[in-house]
Structure formats: structure tokens, C-alpha cells
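One letter stands for each residue in the lines below.
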Amino acid sequence: MTLIEKLKARARTSPQRIILPEGEDPRIVAAAAAITREGFAKITLVGRKNVVESIAASLHAPLTNIAIVDPAASPRIEAYAQIYYERRRARGVSIEESGEIARRPLYFAALAVAAGDADGTVGGAANTTGETVRAALQAIGLAPGTKLLSSFFVMIIPQRAELDLGPAGALLFADCAVVPDPNSEELAEIARATADNARVLLDAEPRIALLSFSTKGSAAHARVEKVREALRILKARAPELAADGDLQADAALVAHVGNSKAPGSPVAGRANVLIFPDLDSGNIAYKLVERLGGAQALGPILQGLARPANDLSRGCSAEDVANVVAITARQAIAQEEKSLAATDEHG
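Reference entry: report on the structure contained in this document. (Residues numbered from 1 in each chain as written. Predicted model: local features only at pLDDT ≥ 70, side-chain atom pairs only at ≥ 80, totals over all residues. Heavy atoms only, no water.)

### Quick look at the packing of helix α4 (residues 77-88) against helix α7 (residues 129-139)
Their axes nearest at 9 Å, the elements α4 and α7 cross at an angle of 85°. One way to sum up the angle between α4 and α7 is to call them roughly perpendicular. Of α7, the residues touching α4 (which contributes Y84, R87 and R88) are L137, Q138 and A139. In terms of residue class, the contact of α4 with α7 is made up of 3 nonpolar, 1 polar and 2 charged. (Axes fitted to C-alpha atoms, helices over the stretch in contact; angles between N-to-C directions. Helix = DSSP H or I, 4+ residues; strand = E, 2+ residues; numbered from the N terminus. Parallel < 35°, antiparallel > 145°, perpendicular 65-115°, else oblique. Contact = heavy atoms within 4.5 Å. Nonpolar A, V, L, I, M, F, W, Y, C, P; charged D, E, K, R; others polar.)

Dropping the structure here:
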């Protein structure tokens with residue numbers, strides 16, 4: 001099975017409730033029908049019922065077992081407004097403003113997740129990453145003990161003889177969408193969070209390369225030192241992780257280059273998690289690998305939130321939407337498993 005097939009199969013064992021705020025977008029309606037047919041998530045579409053039904057009819061997409069919720073008519077709107085007000089009143093937001101904001105589809109979906117009415121949300125087909133992330137951050141908030149929201153892409157790479165992509169055939173790229181210029185501390189946190197997601201999504205131990213234009217001090221520059229300091233912080237906080245840096249991309253991915261440039265490295269030549277030094281390099285890299293290298297890019301997948309909420313590219317297809325829903329469902333299952341394990345541990 002491909003990585004996506006494996007994620008769908010795992011999600012199918014415990015279908016999660018995923019709410020899609022852009023329910024009046026034809027791609028979202030088509031994806032909802034496909035997801036429901038495949039049975040790996042329970043879908044709620046946010047939108048006006050008559051509009052959603054008209055789009056579905058034009059697509060010949062059945063809406064059986066798909067919920068449609070219009071925020072303007074929802075009996076939950078007052079509860080959602082209260083959640084938003086409690087989270088934002090310290091910043092001067094009134095209860096009246098909270099009610100207006102809760103009716104906005106992105107916020108309505110995120111608040112449904114915060115309230116426990118849904119297990120995850122996926123938006124961004126018709127909204128910018130900034131808008132999607134802002135709604136998730138304000139309505140759901142960061143996970144306890146987490147200070148940073150970041151993101152990664154799942155990059156499904158065409159097989160090549162010189163690349164060891166493991167059984168998943170994929171890499172995680174971070175951060176490509178959220179943190180513009182992370183410092184060393186933030187880079188270390190992005191690496192740690194992405195490693196956790198690699199275990200869940202790739203079903204493999206993470207091998208983390210902190211990327212640079214230098215390999216093991218081949219160049220001296222403040223930007224290189226930032227990456228090297230990030231590695232020191234990461235090793236101090238998570239010594240069990242296989243991580244190395246500074247590494248150039250070829251040293252991270254190609255075995256014979258890694259052996260030459262970074263002999264003895266625990267990850268050189270076989271990294272499956274690539275941590276970019278800034279948003280410029282990460283965003284450019286994922287788009288080049290997608291457009292020129294023929295990779296499939298899924299995301300941005302957000303990390304650091306209290307509950308799963310993910311973004312889509314505005315150029316996404318219905319298939320992309322379904323795939324990101326599968327990833328979101330898998331994150332929700334992993335969070336549930338972690339919560340149950342913590343409960344058992346504390347009696």
C-alpha cells in the first residue's frame with residue numbers, strides 16, 4: 001500500500017469527525033463524497049444547505065451521511081461564541097464581537113473542534129494560510145506546554161535508485177508555511193514536533209537533517225551557526241532522536257554524498273525529516289520538488305495546536321483535500337491514543 005492508502009486504512013478503523021469550513025467549494029463537496037464513500041472519516045460541511053446541495057447535484061456527488069451546518073442557523077453558535085470570548089477577552093474582544101466571529105466558517109469549524117463537536121478541521125482551499133492558521137490558533141490554541149505553532153508538508157516522492165525514502169516513500173519538510181525566520185530555539189522545537197509527526201504518519205523512526213548551505217562547518221556564517229546551535233538544543237532536549245546538522249540537502253539525502261561530506265553521521269544520506277533554516281528556503285524547496293520533481297505535496301499540516309487543524313493550498317484538488325483529511329484523522333487518532341495512555345499511566 002502507498003502511504004496515503006495506509007493512512008486511510010488506519011483512519012478507517014476509527015473514523016474521526018472532520019469538519020470542513022469551505023463546504024460551498026466544489027472541490028470540498030467532491031472530496032466529502034469520496035471520503036464518505038471510502039469510509040475513513042465522518043464529514044461535516046459548513047455552508048448554506050441549498051447551495052451545498054446544488055453544487056453536489058451538479059457534480060453528481062451524493063451527500064448521504066454527510067452533515068451540512070449553516071453557522072447562521074446553528075444552535076451551537078452561542079456556545080462557540082462563549083468559547084471564543086473566554087479565549088480572547090483579555091485582548092479586548094467583546095461577547096458581541098465573539099458572536100460575529102463565531103459565525104465565520106473558518107472560526108465556526110475551529111470552534112467546533114475546540115468544543116469537542118469535531119475531532120479535526122481542514123480549511124484553506126479558498127482562504128489564505130494566514131487566515132486559516134489565525135482561526136485555528138485563536139479558536140483552538142496551542143497544546144499545553146507548547147510555545148510555537150509551526151507546519152510541515154508530507155512530500156510523497158517518486159522513487160529513485162539513489163534515494164532511500166523508506167517504506168513510506170515520503171519525506172517531511174518543515175517549516176514551509178508558518179514561521180518566517182526561526183531562531184535556534186524555534187528550529188529545535190520545529191524539529192522535535194516534526195519528528196513526533198514522522199512517527200505517526202510515516203510509521204518510522206525520524207531521521208532529522210537540519211539543513212544549511214554548509215555541511216559540518218564547511219562554511220562559517222551566522223546562519224550556519226544558528227543551525228548548529230539548534231542541533232545542540234535538540235540533542236539536549238531529545239537525546240533519543242537521530243539528528244544531525246548542519247547538512248546540505250545532498251548530504252542529507254544521497255548516501256554516497258553523505259558518506260563523503262559527513263562520515264559517521266547518524267542521518268546523512270538517509271534523512272526522512274528535512275528542517276529548513278527559514279521560510280524562504282522551505283517554501284521554495286517544497287514548490288520546486290512538487291513542480292519540477294513530480295512530488296505530491298500535502299499540507300501545510302499544522303503542529304503545536306491543542307487539537308488537529310490543517311491547511312490546504314488554494315490550488316488543491318479534491319484528491320488533495322481527501323488526503324489531508326486522512327492525515328488529520330490520523331493525527332486525531334494519535335492524539336486520542338496519547339490521551340488514553342496518559343490516563344492509564346496516572347490511574
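### Section: the environment of A135
Positionally, A135 belongs in helix α7. Residue A135 is classed as buried on the basis of its relative accessible area, which comes to 1%. A sequence separation of 24 residues divides A135 from L111, and the C-alpha atoms of the two residues are 8.7 Å apart. Excluding anything up to four places from it in sequence, A135 contacts L106, Y107, A110 and I140. (Buried < 20%, exposed > 50% of the residue type's maximum accessible area, 1.4 Å probe, protein only.)

### Describing the sheet that holds strand β11 (residues 309-311)
Taken together, 5 strands build an open sheet; the order of strands is β3-β2-β1-β4-β11 and the sheet is parallel. Among the strands making up the open sheet, the edge pair consists of β3 (67-69) and β11. Sheet twist, expressed as the mean angle between neighbouring strand axes with direction ignored, is 25°. Taken together, the 5 bridges between strand β1 (residues 16-20) and strand β2 (residues 41-46) define a ladder with parallel strand orientation. Bridge pairing in β2 places I19 opposite T44. (Pairing = 2+ DSSP bridges.)

### Describing the layout of surface pockets
The computed volume of the largest pocket comes to approximately 660 Å³. Around the largest pocket, the lining comprises 25 residues; the ones closest to its centre are D196, G304, L305, Q335 and K338. At the level of elements, α8 (184-202), β10 (296-303), β11 and α13 (318-345) are the ones that each hand at least two residues to the lining of the largest pocket. The element contributing the most residues to the lining of the largest pocket is α8, with 7 residues. Of the residues contributing to the lining of the largest pocket, the split by class is 12 nonpolar, 8 polar and 5 charged. Of the voids in this model, the second largest pocket is the one considered here, and its volume is about 570 Å³. Along its surface, the second largest pocket is lined by 27 residues, and A249, L253, L274, F276 and A285 are the ones closest to its centre. Elements with a contribution of two residues or more to the lining of the second largest pocket: β6 (170-174), α9 (222-237), α10 (249-253) and α12 (279-291). Of the residues that constitute the lining of the second largest pocket, the class distribution is 18 nonpolar, 3 polar and 6 charged. (1 Å grid on protein atoms, 1.4 Å probe; cavity = no way out; pocket = protein on both sides within 12 Å on 5 of 7 lines; lining within 4 Å. Points joined across faces, edges and corners; volume = space filled by probe spheres on them.)

### Quick notes on the sheet that holds β10
If you walk across this open sheet you meet the 6 strands as β8-β7-β9-β6-β5-β10, and the pairing is mixed. In the strand order of this sheet, the two ends are held by β8 (242-247) and β10, each with one partner. Neighbour-to-neighbour, the strand axes of this sheet turn through a mean angle of 20°, independent of strand direction. Direction of pairing for strand β7 (residues 207-211) relative to β8: parallel, over a ladder of 5 bridges. Note that in β8 the partner of I208 across the bridge is A243. Seen against the sheet, α12 touches β5 (150-156), β6 and β10 and runs at an angle of roughly 20° to β5.

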